[in-house]
Amino acid sequence: KAGVTQTPRYLIKTRGQQVTLSCSPISGHRSVSWYQQTPGQGLQFLFEYFSETQRNKGNFPGRFSGRQFSNSRSEMNVSTLELGDSALYLCASSLDRANEQYFGPGTRLTVT
Amino acid sequence: AQSVTQLGSHVSVSEGALVLLRCNYSSSVPPYLFWYVQYPNQGLQLLLKYTSAATLVKGINGFEAEFKKSETSFHLTKPSAHMSDAAEYFCAVSSINDYKLSFGAGTTVTVRA
């Protein structure tokens, strides 16, 4: 089975722009979660989607949003980018909400 | 709320020596506990998980962890380190009340030849 895929792998954006990141879960997995990884804050939970509904949200500003499609693929969007948004964004999928999460390789976002 | 504390941000071991990474958790309900490994420029790979079955959990690559409720610990061990074990290791907790993973700060392992 193919693992979690994330596109693009690397992205460079300018302050004030917006960005959309994509995640394709493992086939058959219905839950998708997003995490931000930075050297200073470590790994932080952004949000979780299941059956196209946001089920949980972390402590991030409203500039961070996401959605899930009927095929379980997910996107996250960050508007009005700030320098502090530079991070590795990781997507994880699980069979169901209570099952273990499997991570993709991440999207490295650099904001200049 | 649930949280994890990893003791030691860096651990250095000789090849063939025991690897011991410490993790303590806090959870008001029975926890689910996980260890993940991250190699440079990669995502997280699941090593093992505890979900209230056997307290000694065996994972991939020769790693195992023991859940000790009385000590609120879930330490990761490997009897004999290999050069390929050099990576960053994360302990994480979730629960039936809150499925999101809360991660520790991570422990970087270096293996000396």
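Note that the structure is predicted; figures quoted are calculated from it, not measured. (Residues numbered from 1 in each chain as written. Chains lettered and ligands numbered in written order. Predicted model: local features only at pLDDT ≥ 70, side-chain atom pairs only at ≥ 80, totals over all residues. Heavy atoms only, no water.)

A closer look at the sheet that holds strand 7 (residues 64-68) of chain A
Residue and element names in this part refer to chain A.
- One open sheet holds the four strands; their spatial order is 1-3-8-7, and the pairing between them is antiparallel. Only two strands of the sheet have a single partner each, and these edge strands are strand 1 (5-7) and strand 7. In this sheet, adjacent strand axes meet at a mean angle of 20° when their direction is disregarded. (Pairing = 2+ DSSP bridges. Helix = DSSP H or I, 4+ residues; strand = E, 2+ residues; numbered from the N terminus. Axes fitted to C-alpha atoms, helices over the stretch in contact; angles between N-to-C directions.)

Quick look at the interface of chain A and chain B
- Taken together, the contact between chain A and chain B spans 17 residues of the former and 16 residues of the latter.
- Contact between chain A and chain B buries roughly 1500 Å² in total, counting both sides, with carbon and sulfur atoms accounting for 58%.
- Of all residues in chain A, the largest losses of buried area upon contact with chain B belong to Leu43, Glu100 and Phe103 of chain A, amounting jointly to 34% of the total for that side.
- A salt bridge links Glu100 of chain A to Lys49 of chain B, with the nearest nitrogen and oxygen atoms 2.6 Å apart.
- Linking chain A with chain B are six residue pairs in polar contact (both at pLDDT 80 or more), by the criterion used here.
- Going through the elements one at a time, strand 4 (31-38), strand 5 (42-50), strand 9 (87-94) and strand 10 (102-103) of chain A are the ones with two or more residues in the side of chain A that touches chain B. (Contact = heavy atoms within 4.5 Å. Buried area = accessible area lost by both parts, 1.4 Å probe. Salt bridge = Lys/Arg side-chain N within 4 Å of Asp/Glu carboxyl O. Polar contact = N/O pair within 3.5 Å; in protein donor to acceptor, adjacent residues only side chain to side chain.)

Thoughts on the state of the cysteines
Residues and elements named next belong to chain A.
- Across all of its chains, the model carries two disulfides over all chains by this definition.
- Covalently, Cys23 is tied to Cys91 through a disulfide, its sulfur atoms 1.8 Å apart. The sign of the S-S torsion, about -60°, decides the handedness of the disulfide formed by Cys23 and Cys91: left-handed. Here Cys23, found in strand 3 (residues 19-24), pairs with Cys91, found in strand 9; they are 68 residues apart in sequence, far enough to count as distant. Each member of the pair, Cys23 as well as Cys91, carries the same accessibility label: buried. (Disulfide = S-S within 2.5 Å. Buried < 20%, exposed > 50% of the residue type's maximum accessible area, 1.4 Å probe, protein only.)

Regarding the environment of Thr110 of chain B
Residues and elements named next belong to chain B.
- Tracing the backbone through its elements, the reader meets Thr110 in strand 11 (residues 107-112).
- Overall, the relative accessible area of 39% leaves Thr110 in the partly exposed class.
- Beyond its immediate sequence surroundings of up to four residues, Thr110 is in contact with Val11, Ser12 and Val13.

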